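Commentary on secondary and tertiary structure
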There are 2 protein chains.
Amino acid sequence: MRLILISLLAGLLGAGHAFDKTCPNPYESCNLGDPTKLNVHLVPHTHDDVGWLKTVDQYFYGAYSNIQQAGVQYILDTVIPHLDEDPAKRFIYVEIAFFERWWQEQSENIKEKVRNLINQRRLEFILGGWCMNDEAATHYNAIIDQMTLGLRFINETFGPCARPLVAWQIDPFGHSREQASLFAQMGFDGLFFGRLDFADKELREKEKRMEEIWRGSESLSPPHADLFTGVNQNGYGPPKGFCFDAYCTDEPIMDDPNLEDYNVDEKVKYFQDAAREQSRHFKTNHIMMTMGSDFQYSNAHMWYKNLDKIIKYVNAAKDSNMSLFYSTPSCYLYALNKAGKNWTVKTDDFFPYADSPHQYWTGYFTSRPTLKGYVRESNRLLQVCKQTEALTANDAVLKRLESSGTSSYPLLEAMGVAQHHDAVSGTSKQHVANDYAKRLYKGRESCKAVISTAVKGSSDYLKFCDYLNITVCNYTQHRSKFTVFVYNPLGRKVNTYVRVPVSDAGGEYTVTDSHGAVVKSQIVPVSMSTILVRRNKGNADSEIVFAAENVPALGYTEFFVTKTNRGFASKVNALQKRSHLKRVEGGDVSIGNEYFKVTFNGKTGQISSILNVESDVAMPMVNQQLLWYNASMGNKESAQQSGAYIFRPNTSTPFTCTQNGIVTLTVLEGNTPLVQEVHQKFSDWAWQIVRLYKGMRYVEVEWTIGPIPFKDGFGKEVITRYDTNLFTNGEFYTDSNGREILKRVIDYRPTWKLNQSEPVAGNYYPVNSRMFLNNSKSQFTILTDRSQGGASLINGSLEVMLHRRLFGEDSKGVGECLNETGQWDDGLITRGKHYLLVDKIEDASKYHRELAEEIFMDPLIAFHDNDAPSEKSGLSADLPKNVHLLTVFKIEDGYWLVRLEHQFQKDDDPELSDPVTVNVKNLFAGYEVVDIEELSLAANSLKTDITRLRWSSADNSVADDDRKLHFSDPYDVTLQPMEIKTYRIKMIKS
Amino acid sequence: MRLILISLLAGLLGAGHAFDKTCPNPYESCNLGDPTKLNVHLVPHTHDDVGWLKTVDQYFYGAYSNIQQAGVQYILDTVIPHLDEDPAKRFIYVEIAFFERWWQEQSENIKEKVRNLINQRRLEFILGGWCMNDEAATHYNAIIDQMTLGLRFINETFGPCARPLVAWQIDPFGHSREQASLFAQMGFDGLFFGRLDFADKELREKEKRMEEIWRGSESLSPPHADLFTGVNQNGYGPPKGFCFDAYCTDEPIMDDPNLEDYNVDEKVKYFQDAAREQSRHFKTNHIMMTMGSDFQYSNAHMWYKNLDKIIKYVNAAKDSNMSLFYSTPSCYLYALNKAGKNWTVKTDDFFPYADSPHQYWTGYFTSRPTLKGYVRESNRLLQVCKQTEALTANDAVLKRLESSGTSSYPLLEAMGVAQHHDAVSGTSKQHVANDYAKRLYKGRESCKAVISTAVKGSSDYLKFCDYLNITVCNYTQHRSKFTVFVYNPLGRKVNTYVRVPVSDAGGEYTVTDSHGAVVKSQIVPVSMSTILVRRNKGNADSEIVFAAENVPALGYTEFFVTKTNRGFASKVNALQKRSHLKRVEGGDVSIGNEYFKVTFNGKTGQISSILNVESDVAMPMVNQQLLWYNASMGNKESAQQSGAYIFRPNTSTPFTCTQNGIVTLTVLEGNTPLVQEVHQKFSDWAWQIVRLYKGMRYVEVEWTIGPIPFKDGFGKEVITRYDTNLFTNGEFYTDSNGREILKRVIDYRPTWKLNQSEPVAGNYYPVNSRMFLNNSKSQFTILTDRSQGGASLINGSLEVMLHRRLFGEDSKGVGECLNETGQWDDGLITRGKHYLLVDKIEDASKYHRELAEEIFMDPLIAFHDNDAPSEKSGLSADLPKNVHLLTVFKIEDGYWLVRLEHQFQKDDDPELSDPVTVNVKNLFAGYEVVDIEELSLAANSLKTDITRLRWSSADNSVADDDRKLHFSDPYDVTLQPMEIKTYRIKMIKS
C-alpha cells in the first residue's frame, strides 16, 4: 500500500505545485434552507473506528462479523453510487486510515466519480485525520502528525477544494482544550462533538449554549485558537426511531396504504416532535441531525431510501413548517455563521466526561499503560526516523529501501492508527490492542532500518535494544566491545545518561567518547525488581552507566565501550567505580546531588522529603506510597463497574500495596559517582527506584507494577501518591496534550455547579506530560513518560494512576474485562518513570518546560561494533531554549516540512515567554534554505489560502484572523508563546 | 395494489393478445461453460418466505428487524443496479407475492431496466408462483391457483420470454408427487429442491442419483407428468465459508496482501475442495451452487463483490481446472440436458422428511388445524366467487365493485399467500398465523360481496354465517322467516343437508323449496360439545335440518323458512318431527340409514362396527378412540422436541382422552327421519358426533378437540384412531394433494433401506383429502375436510392427527411453542369432520372419488329475507361423474379461463376411469363458446408454445411431449384419467 502512496505523492506533488490551486469559496454548494422554516440538516455519516472490537484491517474488509458486523469497504462502495445518482444526496467521510485503503483498490472509473463528488462537496471529508484521535491520552506531537497524514493525503489526492472545514470528534470520551487550539491552527472553521458531562449538556440545552466559541489557548491571541464548537444533540446517532441502517431495528417508512403497518403519519409526527424538541436547545432556525452511527451505511441504500421518504413526507406535511434536506456539518456550520448571532465563549475543557452520576470515563486515562508507553516511545523513534530520513546524505540508499516499503511511513501510519480514540486510550479488545502494538512494532522496525541507513549507510548497521528499560540487550550483555550510538532529536544539545546492560563477571569496562577521551562510568548491579520483571529475557547482571554530555542537536555522538579483565581495567580506567545494593534497616537514608536531596524514612521506607538544595526549597512528604483502589463491581447506587473506560472505585480509600505497611529499602552503596539509587519494595509486584544522576536537575522515580495479584478477586487500580504538606486549596494543574496547563479544582467545574457523585473518579484528569501543585512559594511537579490519569484529592496531594487490572466490565461495548495477562499470562507488568521537581514557584515553569521536552524527546540509543566513535549535528547552531523543533520531514525531493514551536506559555517565564525569532536560512547543517512558505498546522494548505469564518462572540473578542506577518528577513521565524509554525522549505546543499 | 394490477391486466391483455408472442429459445443466453473443466454454476438467489417470523408485508418493507433482519424491498432495490452494471451477473427471483408489491412501487426508469434484464434472462424468474407453496398441507386446486396467479402476472407484465422454466421448491419440508405432476403440466423443464430424508440423500450422493426423472403420475402417460428433478447439494445455502450476505459471518475475501488477514489462498483452496467434493455426487462436469439464503441480498453488493473475487481467483488458480460463472437454475438444467446422459426414474414421493434420525417433519401435517381448515374452506368460497363473478349477469355492478377493490383478487392473493410453506403448514409465528387468517378474512368479505352482487345484484343482499359449524348464525337464530341460499360449485347436481341455527322455543318451522313445495325438516337440539365450544358467541338451541336435493350445477337453489307457533306449524308441516338427546347407559346402540349401520359398544361407548348394509360389507372396529401422544421434550437419544414442524412423541403408546376409559354416549332420540346422531364424550375437551343422514352414502364423524389441557405440563398431540380387523400387511394409502393415491408401507421406503428410529413419527404421512386401508375384499376409507397427518401403525389401524398443543420448541427457527391459545386464551378448540366409507374393494375408489369432490366443494350456504326462493344453474347440462370443473374464471371481457379435470385414476373404476369427452360449445348456460385455446396448466402460455426439454431415462420411457390432439369438433374436450386441461375460451351470450 505504501509503495502506491509514495508514487502517488510523487506524481501529484510534481515540482512542489501542491498548493498552486486555491479554493475560493468552499461553502458555495451549501443549501442554506428556508429562512421562514425550521431547517433540518440531515447529515448521512458513518463513524468508523480505526480499530476497537476488531482491528483496523478487519473493519476495513468486514472480517470477523461474529464480533461486529462492520465492513468499511462496503460503506464507501455503496454510498458512492447513491451520491452519483442523486444530486440531492450528501455523505461525509472522516477517517482517512480507511479511506486511503479503499481508494487504493478503486478503478479509475470509480476514482473519477469520487473526484467529481468531492469537488461538488457532496462527498465531503470532515475532520480528515488518519483517525479520530483520542484527546485524553494523546500527545500534541502525535495529534499533529496523524492529522497531517490524513489531511495531506486529501490535499494531495483531491486538491484544495476537498479540504475539510470542520473537525468532528463525535466519539472521544471528553475533549481537551489543546485539541481545539490545534484544530483552530489547522484552519478548521468549527468542531462538533458528541460526548460531554451529562449535567453540562443539560445546562447547555436549557441555556441554548449547545454551540459556542471555544478559546483553545490562553497564550495565543484570539481568534487564533478560537474554534466554533457545537455539541450534537444525539451524540452522533439519529433521533430515536430513525435509524435506518442495515443493522438497526427501527421501523422503515412503510408508505403503501394498501399494505399492513402503513406508518407514514406516525413517523412524520415523531420526526416533527424530535426536530421541534431539538430546536428548543439551539439558537438559530437551523438544526443538524446526525443520521448514522458506528460503521453504518454498509448498505447505504437502506438509509437513503428511508431518508428520502422522511424528507418527502415531512416537507409535504401541512403542519410541518420544516425544511429537511441532505447536508453536511460544514454546511450546517455555514448556516450558523450566516445567522449572525453572538456566541458565548468557553475557556476550560471538557474533562472529565461522565454520562451519568456514576459513570466517569476516567479509567481510560490509564488503561493499558504499556501500550500508552509504547506509543509515546514510538513517537520519539518516529521523529528521529523522519529527521534522519530527511537530512541524510544517503538519499539513494534510502530510496532503494523505500521501494521495498521501508520508510518512515509504516510508523507514521501505525502511529496514526494508534492515536485513535480506542487505541492509545486502551479501550479496544485485547486482540486489537495486540494489533496496534504489532503495527507499531513493524513501523519501528522499518524506522530502525531507515535510521541506520540514513546515518550509517546500511539498514542493519545499528543494533537497537527495545528492552533497555529492563536491562536486556542481547547485543551488549555478552560482548566485550561495542560502540554506543546516542542520537538527540532536539534542536539543541542535551546531556543524558546512558545505561547499558552488561555481564560484569570478571571484567571492567572502559568508555571512551568520540574524541577518544575516557568517560567516567559506573557499574550498577541489576535491581531485584528488574530480575523479577525480565524473567528469562536476559541475564545481564549489571548496567554500565555513563553520561553522554552535549549530545549534538539533531545529531549524535558515540561512545566506545571495551571490557577488560579487572586488573587491566583498573589501570587504564581508574575512574570506573564499583557500587552494590545493600538492604537498609532502621535509620533514615538520603541521597543527593547538586540539585536535590531525597530523604527516606527508615521506619516506613517512604520518601519523607525532597529538598531542592540549589534553591533551598524543601518539600516534606507526609506520605509517598503505592496504593490501589478496589474496583467497583457495582453497588446498590449503580450497577456500574470499573472497566476499560470507566473508573469507579468501590470506596474512596485506597489500600496499600505493601503487606504490612512497610516499604523495604535497598540502597546503592559504595562508589556512586554518577548515579545514586534507593530501591523501594512495596511488595513483590510494586516497586520504586529513586535515582539522582550527577548533574541532572530532577529526581527520577522508576515505578514497576505487576503482575497485579488477582486471586483475591478484587480488581485493582494502582496509584502512586505524593502527599506533600503544601496547602493547595483543592487546586492543582495538569497539562493538555503535553502543552498548555489547566488549573483543576477539586469537586468543581468552571461552568456549571457540580454535584459530585464519585469523589475519586470524578476528580481524575488526564495527565499527558505533567501535573503539579503549588502554593504561593513552592511547586511540586511530576512529569510522566506517558499519559496517565491523575488527581489531587486532598490538599497537597498528587496521585497518578499507574496500572489497572479489572474483573468487571463497564458495559461500554468492549465486552472484555481489562485484565491484561501479559507475556507470561500471570498479569502484565508495567514499568515507567516519573520525574519529580521541587522548585520555587517562579522557576517552576521554566524547569518543567525544559525537562518535559527532554523526556518526551529523550535521546535514542543504539549500538554497533565499529570501534571508531563519531559525532555529528544536523543543525548549524542550537535553537533557543524556548523553541522546539517539532517536525523535520522530507516531503519530496528538495522540499521539507518543518515545524518550529514556542514551547512556553505566555506567563511561564519572564524571559523565555517572550516572542522569539529564529532565522532558518542556514539552520540545517550543510543546507541552505532557498524558499519558504508558511502552511497551516496540518501542512495541507498554504497558510494564506485559509480564511476562516468569523464569529461574533459574547465577550466582543472578535478579531481579524488574517494576521499577515511581514518580516524584513523572510527566513526569520518569529514565534509567540505557544505558537507552532509550519513551513514548507526548499533547501539546497550548501 | 389490486386496482393497479387490474388496470395493468386490462392494458396488457388488450383484446386477448397476451399469447401473441412466443419465445423461440429461452435458453439461448445460457453460459454452458468449458467442456474440459468442472463448470460451477454460481446462482445468486434469495429465499423470501411469504410470511414466517414476520408477516408478508413486514418482510416486504423490512419491519420488525428485531425479530429478523429481512426486507425484500431492499433485495430487489440493490440487486438491480448490480445486474444493470455488469453483464456477467445474474439473479433469480421466485416469489411473486413480493415481486408484485415491489413492481408497483417502481419508477418507469427502473421498470425499463428490469424489463431489459428479464429479457436477457439475467434477472430470471424461477418457479414464479405467488409463493413457494407447501406440499404436505396443500390441495391441488389451491396450488394451481397460486401458481397461476404468479405465472400469469409474469406473463402479462413481461411476456413469454420471462416464463419460468424451472420450479424451485428449495425449502418445503418434503415433496409430494402430485406437485411434480402439476409442475410438469405447467410446462416446467425441471425442479430443484433442498430437503429430503438424510438417508435418501446419502444414498443418492453415493450413487450419483442427486438428479433424476420424477414420474409424477401413474395415470398420465410419460413424459406428461415426468419432471427432471435435482437435489441441491447444500439445501439452498452456499458451501460452508462462502456466505457473503450482510447478515452472514463468513470471512470476506481479503485480497490486499499489504493488509493483515489476507486470505485469498486459503479461500481458493476451500472453494476448490467444496466444488470437487460436490462434483463427486453429480453425473456431469457441471455443478450448481446456491449462493444465497433466506432474505439474502438486501445488500447485494456484499455478495457480488465477494463472488466476483472468488470467481476471479479460483478461475485464475493454476491448479483449478474449474470454470466459475454466474448462472441460473435453468441454465444449469440446460447444461445437464445438453450433457446427453441417461437418468434414473423415481415414482414415489419424498415424504416424510427427516433431517436426522429423530427429526421427522411430520408434525406440520397437522399443526394449526383451524388455519388448515379455514384455508380449505376459503378455497371453496374462492371458487364460488370466481364462478359467480365470471358468469354473472351483473357485469356493470361488479365492475363498480372492482373499482373499489372488491373482487375475487383479494381472496386469490390471500389464498396465494396462505399456500406458502410456512402458512398453511402451520409453521409461522402466531402473529403471522393471525395475519394469514386476517388476509383470508378480508378476501372472504370481498368475495361475499362479489357473490352477493353477482347473484343478487347488491353486495349485502346475501348474509353469510361463518360459524354454522358451531351452530351460530345471528341472522337466523332469532328470525321468524328467512330464505336459505344453497350454492353448488360442482359441475353437476348434488344433494346436501342444510343445518340452520334457530331458537326453537315456542315455535315450529316450515321449509318450502323454490317451487313452493314443503320440504321435510327436522329439529335437532344443540349438542353439549357445541354449547361448550361456542360459549357466548350464540344462543340458538336447535338446528333445523333439511335436505337440499338436486342443487343445480354451478348454480343455486333456495328454501324459504318460516317459524310459526307450534300448533299452527303442526298443522301445515306435519312432516317436521321432534327429536331430543338422551344419555345411553349400558347396552349397545346402533344408528342406520339406507347405506350404513353404525353400532356402538354400550360399555366402552366406542364404535364397534360399521356395516355397509347396501353391499353387506362389515367393518368391525376393535377400537375407535380419541388418544394423545405425549410430545417429547427431548431425551437422552436426542434433545429434539416436538414442535410446529417436528412430531416426536416421547413414547409410541398414545394415552386415552377419556378420564376412565369410558366414552359417554348420548343419542338423538324421538323422530329422526333425516339425521341420526350419536354424541360421544371422551372428555370435556374431546368429542365426537357420529351422524347418518337419510340418503347420504357416508358416515359423518364430527370431532371436536380442545381446549387441550395443559396444566399437567405435557404437550399433547391428539389423534383419532380406527382399529379395524383388516389384515393389511402394514400397508395403507394416502392421497397426494387431494388427487392421486400413494401406497404407504410401515417402516419402509421404496428406494432405500429405512433404519426406523421414530416408530410413530417416521410413519406419518400427509393426508390432504383421504386415507384408506384394505384387504383383497374390503376397504375402510376416511375422508377429511382439511389436511392432516395420518398413519397406520398396526395392521388394520388408521390414525389421523387432529390437534396439537406443545410446550417444547423444535429449534427449526420459529422460536415459539405451538401453543395456540385461541379466542378465550385457555386453548384453541378445533372442530372438523371425517367421512367414513366401508366398501367392497371394487367400489371403493368410485365412492371416495365422488365423495371427496363433494366434500371439497360442498355447497355454500347463505341467507336473505326475500321470501320468493328461486333456483338457477350455470351449466346447460351436468358434467359426467368423472369430470370436475376445476376452474371458471373471467380473465377479461369476453374471455374465460376454464379447467376441466378427469378426477379418476387409471385403475380406479372400470367405467369411470375411461377417457371422457365433454363438448364445451354450449356448456355454460346462456353462453356460446366461439373460440377455444388450450393453455398450459398455469394458464401463462398457449400449450403449443411450450416445448419441454427431452431427457433420456434409464427405463427407456422417452416419449414425445408434443402430443397434439386433433379433434373433429374443436369444442370436444377429451380427458385422460387424472388429466387437467386448461382453456381460454371466448364466449358470447347466446
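Because the structure is predicted, anything quoted here is derived from the model rather than measured.

What to know about the overall build of chain A
Helices and strands together make up the secondary structure of chain A, namely 19 helices and 46 strands. Its C-alpha atoms give chain A a radius of gyration of 29 Å, within 12% of the compact-globule value 30 Å for 990 residues. The C-alpha extent of chain A, read off along each of the three principal axes, is 100 × 70 × 55 Å. Split into buried and exposed, the 990 residues of chain A put 68% on the buried side. In chain A, of all internal contacts separated by at least 6 residues, the share reaching a separation of at least 24 is 76%. Surface exposure of chain A reaches about 31700 Å², of which carbon and sulfur atoms provide 49%. Where the 108 positive side-chain charges of chain A centre and where its 124 negative ones centre are 3 Å apart.

Description of the state of the cysteines
Joining two cysteines, a disulfide is a covalent bond between their sulfur atoms. Here the structure, examined in full by the defined rule, presents 10 disulfides over all chains. Between the sulfur of Cys243 of chain A and that of Cys248 of chain A lies a disulfide, 1.9 Å long from S to S. Numbered by position along the chain, the disulfide-linked cysteines of chain A connect as 1-3, 2-6, 4-5, 7-8, 9-10. Left unpaired, Cys131 of chain B is separated from the closest cysteine sulfur, that of Cys447 of chain B, by 18 Å.

Description of the side chain of Lys111 of chain A
Residue and element names in this part refer to chain A. Of note, Lys111 is situated in helix α5 (residues 108–119). Buried charge without a salt bridge: Lys111, with Glu108 as the nearest opposite-charge side chain at an N-O distance of 5.1 Å. The contacts of Lys111, once residues within four sequence positions are left out, are Trp103 and Gln106.

Some thoughts on a nonpolar patch on the surface
All names here are of chain A. On the surface, Met528, Ile531 and Leu532 cluster together into a nonpolar patch covering about 260 Å² of accessible area. Its place among the elements puts Met528 in helix α17 (residues 528–534). Under the relative-accessibility criterion, Met528 is labelled partly exposed at 48%.

Observations concerning the relation of the copies chain B and chain A
The operation relating chain B to chain A is a screw motion whose rotation component is 180°, with 0.1 Å of axial translation and a residual RMSD of 0.1 Å. Read as a symmetry element, the transformation amounts to a two-fold axis. Among all residues of chain B, the one whose C-alpha sits closest to the rotation axis is Asn299 of chain B, at a distance of 2.7 Å. Of all interface residues in chain B, 100% are interface residues in chain A too; the two copies therefore contact each other through one and the same surface.

Examining the pairing of strand β30 (residues 731–735) of chain A
Put simply, side chains in a regular strand alternate between the two faces of the sheet. Residue and element names in this part refer to chain A. Within β30, four of the five residues are buried, which leaves it mostly tucked inside the rest of the structure. As paired strands, β30 and strand β31 (residues 741–745) are joined by five bridges and run antiparallel to one another. Pairing of Thr734 across the sheet is with Leu742, part of β31. Judged from the two bridges that link them, β30 and strand β33 (residues 770–774) form a sheet pairing that is antiparallel. Looking across to β33, one finds that Thr734 is bridged to Met771.

Details of the pattern of salt bridges
All names here are of chain A. Counted under the stated rule, the structure contains 127 salt bridges over all chains. Across the pair Arg499 and Glu677 runs a salt bridge whose closest N-O atoms are separated by 2.8 Å. Here Arg499 is found in strand β13 (residues 494–502), whereas its partner Glu677 is found in strand β26 (residues 675–683), with 178 residues between them in sequence. Note on Arg499: relative accessible area 13%, which makes it buried. Taken together, the shared-partner salt bridges in this structure form one network comprising Arg499, Glu543, Glu677, Arg691, Glu700, Glu702, Arg831 and Lys833.

Details of the packing of helix α3 (residues 72–85) of chain B against helix α10 (residues 300–316) of chain B
Residue and element names in this part refer to chain B. The interhelical angle for the contact between α3 and α10, taken along N-to-C directions, is 35°, at an axis separation of 8 Å. Residue-level contacts link Thr78, Val79, His82 and Leu83 of α3 to Ala300, His301 and Tyr304 of α10. Residue composition of the contact of α3 with α10, by class: four nonpolar, three polar and no charged.

Some details on the packing of aromatic side chains
Residue and element names in this part refer to chain A. Taken as a whole and judged by the stated rule, the model has 105 aromatic pairs over all chains. A ring pair is formed by Tyr140 and Phe856, whose centres lie 6.2 Å apart and whose planes are at 45°; its orientation type is tilted. Here Tyr140, found in helix α6 (residues 140–158), pairs with Phe856, found in helix α19 (residues 841–856); they are 716 residues apart in sequence, far enough to count as distant. When its relative accessible area of 5% is taken as the criterion, Tyr140 is described as buried. A relative accessible area of 8% means that Phe856 is categorised as buried.

Looking at the interface of chain B and chain A
Across the contact, 43 residues belong to chain B and 43 residues belong to chain A. Roughly 3500 Å² of surface becomes buried between chain B and chain A when both sides are summed, with 48% attributable to carbon and sulfur atoms. At the surface where chain B touches chain A, the tally comes to six salt bridges. Note that Lys438 of chain B and Glu260 of chain A form a salt bridge whose closest N and O atoms lie 2.8 Å from each other. Where chain B packs against chain A, one counts 29 residue pairs in polar contact (both at pLDDT 80 or more). Mapped onto the side of chain B that touches chain A, the elements with two or more residues apiece are α2 (56–61), α3, α10 and α15 (430–456) of chain B. Split into classes, the residues belonging to the side of chain B that touches chain A amount to 14 nonpolar, 14 polar and 15 charged.

Conventions adopted
Along each chain, the written sequence defines residue order, and numbers are assigned to residues from 1. Starting at A for chains and at 1 for ligands, labels are handed out in the order in which the entities are written. Note on the predicted model: pLDDT of at least 70 is required for a residue's local features to be given, and 80 or more for side-chain atom pairs to be given and counted; whole-chain, interface and lining totals, by contrast, use all residues. Hydrogens and water are ignored here; the side-chain numbers use all heavy atoms of the structure. Starting at the N terminus, helices and strands are each numbered in turn, a helix being any DSSP run of H or I of at least four residues and a strand any DSSP run of E of at least two. Computation of the radius of gyration draws on C-alpha atoms, with the globule rule given as 2.2 Å multiplied by the number of residues to the power 0.38. In this scheme, a residue with accessible area under 20% of its type's maximum is buried, one over 50% is exposed, and one in between is partly exposed, where area comes from a 1.4 Å probe on protein chains only. Any two residues having at least one pair of non-hydrogen atoms within 4.5 Å are treated as being in contact. Accessible surface is estimated by sampling points in the Shrake-Rupley manner with a 1.4 Å probe; for residues, cover comes only from the protein chains shown. Under the counting rule used here, the positive set is Lys and Arg, the negative set is Asp and Glu, and His together with the chain ends is not counted. A charge is said to be at NZ when it belongs to Lys, at CZ for Arg, at CG for Asp and at CD for Glu. Disulfides are defined as cysteine sulfur pairs within 2.5 Å. A pair is scored as a salt bridge if a Lys or Arg side-chain nitrogen falls within 4 Å of a carboxyl oxygen belonging to Asp or Glu. Exposure above 30% relative accessible area and the absence of a salt bridge qualify a residue for a patch, where like charges join within 9 Å and nonpolar side chains (Val, Leu, Ile, Met, Phe, Trp, Tyr) within 5 Å. Superposition of the copies used a least-squares fit over C-alpha atoms from residues whose pLDDT is at least 70 in both. We call two strands paired when DSSP finds no fewer than two bridges between them. The axes used here are C-alpha line fits, helices contributing only the stretch in contact, and every angle between their N-to-C directions lies in the interval 0 to 180 degrees. Here the term charged refers only to Asp, Glu, Lys and Arg, the term nonpolar to Ala, Val, Leu, Ile, Met, Phe, Trp, Tyr, Cys and Pro, and the term polar to all other amino acids, Gly among them. The aromatic pairing rule takes the rings of Phe, Tyr and Trp, using the six-membered ring of Trp, and pairs them if the centres are within 6.5 Å, calling planes under 30 degrees apart stacked, those over 60 edge-to-face and the rest tilted. Accessible area, probed at 1.4 Å, shrinks when two parts are joined; the buried area is that loss added up over both. Any N or O atom pair separated by 3.5 Å or less is treated as a polar contact, with the protein-specific requirement of one donor-capable and one acceptor-capable atom, and with residues adjacent in sequence counted only for side-chain atom pairs.

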